[in-house]
Amino acid sequence: MATYRSMSNDHDVPFLADEDLTAKQYTLLRPASTAGYAACANSASSYGILGVLQNSPSLGQEATVRLMGMTKVYGEANGTCGLAYGGFVLAASTGRVEGAAAGCPIIGRWLSAAVTSGDVVGEMFLFPFSACTVAAC
């Protein structure tokens, strides 16, 4: 069974949901076009990740966003890199995290068991302010 940790520096901040996020708990969010709103991250937002959604709000409801620290998150293991324990992760175009081969920006470290294929909910340390790249998987 997984052990989920919490650190005193976990930072949850309220935003308003710019879209229906009821099925998006533990996915990455980006700033929406309206101040104070957040939306699901997509391929165009990899440099603008706000954090990880902690609840499941409807359109216009309060979205609790973890900006930094330990969090559950959806991950996907793609054909290039799996999710390795302690490995760096990037934002995938689906609002999930994926293992980092080479790319920018690194947004955290995967802290659950290794995954070589498929989708999974795991734990990561989120630091979405990182500069750049790792050399390989």
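Quick note: structure is the one above.
All values derive from a computational prediction rather than experimental measurement.

Which parts of the structure should I look at to understand the overall build of the chain?
When you go through the chain residue by residue, the secondary structure sums to zero helices and nine strands. Along the chain, helices and strands appear, N-terminal first, in the series β-β-β-β-β-β-β-β-β. Out of the 137 residues in the chain, the part that is buried amounts to 43%. Within the chain, contacts between residues at least 6 apart in sequence are counted, and of these 55% link residues at least 24 apart. Element-wise, carbon and sulfur atoms account for 54% of the exposed surface of the chain, whose accessible area totals about 6600 Å².

Help me understand the side chain of S112, please; the structure alone is not making it clear to me.
Looking at the secondary structure, you find S112 in the loop between β8 (108-110) and β9 (118-126). Within the structure, the side chain of S112 is placed 2.7 Å from the backbone nitrogen of E123, a separation counted as a polar contact. Those residues in contact with S112, other than ones at most four positions away along the chain, are Y85, G122 and E123.

Any chance you could explain the environment of G82 here in plain terms?
Mapped onto the elements, G82 comes out in the loop between β5 (62-77) and β6 (88-91). Residues G82 and E98 lie 16 residues apart in sequence; the distance between their C-alpha atoms is 7.2 Å. Discounting chain neighbours no more than four positions away, the residues touching G82 are A77, G99, V115 and T116.

I'm lost on the packing of aromatic side chains in this one. Help?
The description of an aromatic ring pair uses the distance of the two centres, along with the angle that the planes make with each other. Within the structure shown, the criterion is met by one aromatic pair. For the pair F125 and F127, a centre-to-centre distance of 6.1 Å together with 40° between the ring planes defines the contact as tilted. Above the face of the F88 ring, R109 is positioned so that its terminal group lies 4.5 Å from the ring centre.

How should I be thinking about the pairing of strand β1 (residues 11-17) in this particular structure?
When a strand is regular, its side chains alternate between the sheet's two faces. Bridge analysis of β1 against β5 gives six bridges, and the strand direction is antiparallel. Bridge pairing in β5 links H11 to M68. Where β1 and strand β3 (residues 37-40) come together, two bridges link them in parallel fashion. Following the sheet pairing, L16 is matched in β3 by Y37.

Looking at this structure, I do not really get the environment of S112. What am I missing?
The buried category is assigned to S112, whose relative accessible area is 16%. Considering only alpha carbons, one finds S112 and G87, 25 residues apart in sequence, at a separation of 9.7 Å.

How should the nonpolar core be read in this particular structure?
For soluble globular proteins, the rule of thumb is that nonpolar side chains tend to be buried together. Judged by nonpolar contacts, the single largest core of 15 residues is most densely connected at L28, V89, V97, I107 and M124. Of all the secondary structure elements, the ones that give two or more residues to this core are β5, β6 and β9. In this view, M124 contacts G69, M70, T71, V73, V89, V97, I107, G108, R109, W110 and L111; residues no more than four positions away in its chain are not counted. Judged by nonpolar contacts, the second largest core, of ten residues, contains L21, C40, A63 and V65.

What counts and what doesn't
Residues numbered from 1 in each chain as written. Predicted model: local features only at pLDDT ≥ 70, side-chain atom pairs only at ≥ 80, totals over all residues. Heavy atoms only, no water. Helix = DSSP H or I, 4+ residues; strand = E, 2+ residues; numbered from the N terminus. Buried < 20%, exposed > 50% of the residue type's maximum accessible area, 1.4 Å probe, protein only. Contact = heavy atoms within 4.5 Å. Areas by Shrake-Rupley, 256 points an atom, 1.4 Å probe, with all protein chains shown as cover. Polar contact = N/O pair within 3.5 Å; in protein donor to acceptor, adjacent residues only side chain to side chain. Phe/Tyr/Trp six-rings, centres within 6.5 Å; stacked < 30°, edge-to-face > 60°. Lys NZ or Arg CZ within 6 Å of the ring centre and 35° of its normal. Pairing = 2+ DSSP bridges. Core = buried A, V, L, I, M, F, W, Y, C linked by side-chain atoms within 4.5 Å.

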